Structures are given as structure tokens and as C-alpha cells.
Amino acid sequence: MTVQPNIVLVHGAWADGSCWSGVIERLQSDGYHVTAPQFPESSLAADVARLREVLHRQDGPTIVVGHSYGGQIVTALGPDAPNAAGLVYIAAFALDQGESIGAMLGQGPPTPALAHLDIDAQGFAWLPEEDFVKHFAADVDPARARVMCAVQQPVAAAAFQDVMGVPAWKSLPTWYLVAMADEAIPPDAERQFATRMGATTIELASSHVAMVSHPEEVTELIESAAEDVRARS
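What you see is a predicted model; the values in this text were computed from it and never measured. (Residues numbered from 1 in each chain as written. Predicted model: local features only at pLDDT ≥ 70, side-chain atom pairs only at ≥ 80, totals over all residues. Heavy atoms only, no water.)

Novice: Please explain the pattern of salt bridges as it appears in this structure.
Specialist: Note that side chains of opposite charge can pair when their charged atoms are close. This model, assessed by the stated rule, comprises nine salt bridges. The salt bridge involving Arg 191 is made with Asp 188; its shortest N-O contact spans 2.7 Å. With Arg 191 and Asp 188 both in helix α7 (residues 187–197) and three residues apart, the pair spans about one turn of that helix. Its salt-bridge partner being Glu 203, residue Arg 191 comes within 2.7 Å of it at the nearest N-O pair. (Salt bridge = Lys/Arg side-chain N within 4 Å of Asp/Glu carboxyl O. Helix = DSSP H or I, 4+ residues; strand = E, 2+ residues; numbered from the N terminus.)

Novice: So what exactly am I meant to see when it comes to the packing of helix α1 (residues 21–29) against helix α9 (residues 215–232) here?
Specialist: In helix packing, the relevant descriptors are the interaxial angle and the interaxial distance, both defined with respect to the helix axes. In contact at an axis separation of 9 Å, α1 and α9 are set at 50 degrees when each is read in the N-to-C sense. The orientation of α1 relative to α9 falls into the category oblique. Read as a crossing pair, α1 and α9 show a hand that is right-handed. Between α1, through Gly 22, Val 23, Arg 26 and Leu 27, and α9, the contact on the second element is made entirely by Pro 215, Glu 216, Val 218, Thr 219, Ile 222 and Glu 223. (Axes fitted to C-alpha atoms, helices over the stretch in contact; angles between N-to-C directions. Parallel < 35°, antiparallel > 145°, perpendicular 65-115°, else oblique. Left-handed = near helix turned anticlockwise from the far one by under 90°. Contact = heavy atoms within 4.5 Å.)

Novice: What is the right way to read the nonpolar core from this model?
Specialist: Side chains of nonpolar character tend, in soluble globular proteins, to be buried together. With 81 residues, the main nonpolar core has Ile 7, Trp 14, Trp 20 and Leu 51 as its most contacted residues. The contacts of Trp 20, once residues within four sequence positions are left out, are Leu 9, Val 10, His 11, Ala 36, Val 65, His 67, Ile 90, Met 211 and Val 218. (Core = buried A, V, L, I, M, F, W, Y, C linked by side-chain atoms within 4.5 Å. Buried < 20%, exposed > 50% of the residue type's maximum accessible area, 1.4 Å probe, protein only.)

Novice: Teacher, can you tell me more about the environment of Met 104 here?
Specialist: Mapped onto the secondary structure, Met 104 falls in helix α4 (residues 101–105). Look at Met 104 and you get buried, because its relative accessible area is 16%. Distance from Met 104 to Glu 183, taken between C-alpha atoms, is 15 Å for residues 79 residues apart in sequence. Discounting residues that sit within four places of it in the chain, Met 104 has contacts with Phe 93, Ala 189 and Phe 193.

Bear in mind that shape data such as this cannot, by itself, settle questions of function.
See the structure below:
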């Protein structure tokens with residue numbers, strides 16, 4: 001019998017590993033070994049280094065799941081990601097070589113969730129509570145969304161200017177969840193990412209934080225990816 005893949009969950013900007021709690025509980029209940037590390041988000045290089053450390057700790061094939069800016073971290077692993085066997089993107093950036101988040105977002109007006117970024121003296125970007133609750137996590141109970149806002153991990157604004165090298169998705173199978181009510185990344189951009197990668201794609205009537213508001217559906221997509229990778233091994 002082939003080995004069940006491990007699962008590594010990569011949070012995005014303005015979130016932390018706890019945003020995956022509902023997904024982690026379900027995956028663990030189904031017998032998966034799950035890791036959801038914290039990322040410094042001080043630079044893309046630092047985040048990729050952290051992810052590589054975590055992947056080296058895995059004892060076999062691993063499904064790597066990225067949300068939002070976490071997709072940038074996953075993609076930047078490149079063609080030699082240790083133990084990575086498949087990539088799952090949850091409303092996430094999936095750039096190609098030579099592209100940057102800043103350039104992509106700059107093609108149109110700021111999305112509602114990102115319209116009022118607060119850049120601190122160290123160059124880290126924070127989301128104001130009102131935008132977090134009303135736009136970033138619009139389909140999450142407001143009380144819970146405010147807690148999420150309180151523990152948000154700010155991201156170095158300079159990371160949005162980092163240009164992508166050879167993307168990991170060019171050498172690994174991919175899955176993508178399009179959040180149809182996303183007010184952080186335009187849903188049409190998510191569809192374009194998924195199409196370009198040739199990803200197995202589902203669409204969900206969700207805000208940007210689908211793993212919080214729809215953990216069951218997110219878990220099902222991750223497990224579908226794991227089962228597919230397991231069948232191929």
C-alpha cells in the first residue's frame with residue numbers, strides 16, 4: 001500500500017497558522033499528518049526558507065497548500081521543492097516567472113480589502129479592522145473576524161515587489177480553489193492563475209478566507225489532491 005501524503009499548510013498575509021484550525025481538525029481526524037507553521041513574512045526569501053525547513057522535516061511525499069500570499073511562498077519553492085508532491089492553492093497567488101504581486105495588483109484599482117493598507121515605520125503592511133471584517137473575512141462571524149484581525153501577521157510591503165523565478169507549479173500537479181466573493185484577489189485573476197497552471201479547479205461562494213468560512217470544502221479539495229498523488233505513487 002502506498003503511503004498517505006503529509007499535508008503542509010501555508011498561511012498568507014494578515015493571517016497566521018491558526019487560520020487553518022478547522023481544516024487541520026478535519027485532516028487529522030481522517031488520519032493525515034499536518035503541519036501549519038508560522039511564517040515571518042519579513043521577506044519572500046525568509047518565508048521560502050522557512051517552508052523548505054518544514055518540508056525537509058517531512059518523512060515522505062507532501063501536499064503543500066498555500067492561501068493568498070502563501071501561494072507566492074509555495075510557488076517560489078521552484079522546481080526542487082523537497083518532498084513536495086502536489087500543490088493546492090486556496091484563493092492564492094500563482095505567478096509565473098518574471099511576475100510580481102505588485103505589478104499584478106497594479107493593473108487595476110485596489111481591491112476593497114487592500115484599499116487602505118497601513119504601512120508602519122518598518123515597512124510592514126497591516127489591514128485596518130474595518131476592512132478586515134467587512135472585506136477580507138466578509139463571510140466570517142464578525143466577532144471571530146475581529147479576533148483574526150487582532151492576531152494578523154503583517155507582511156513586508158517590499159515582498160509584493162519580489163519577482164518570481166521558475167515557479168514550482170511547472171513541475172508539480174496543482175489544484176485551485178477560486179473564491180467567488182473574494183475582495184482581496186479578484187476572482188477573475190484566480191481563474192486565470194488556475195487555467196494557466198492547468199489546475200484541477202473548484203469554485204466556491206466564499207470570501208478570501210475560504211479555509212475559515214468553508215473548512216469542509218477546503219479539506220475535501222486537499223484530500224482529493226492527496227488521494228490523487230497517492231494513486232500516482
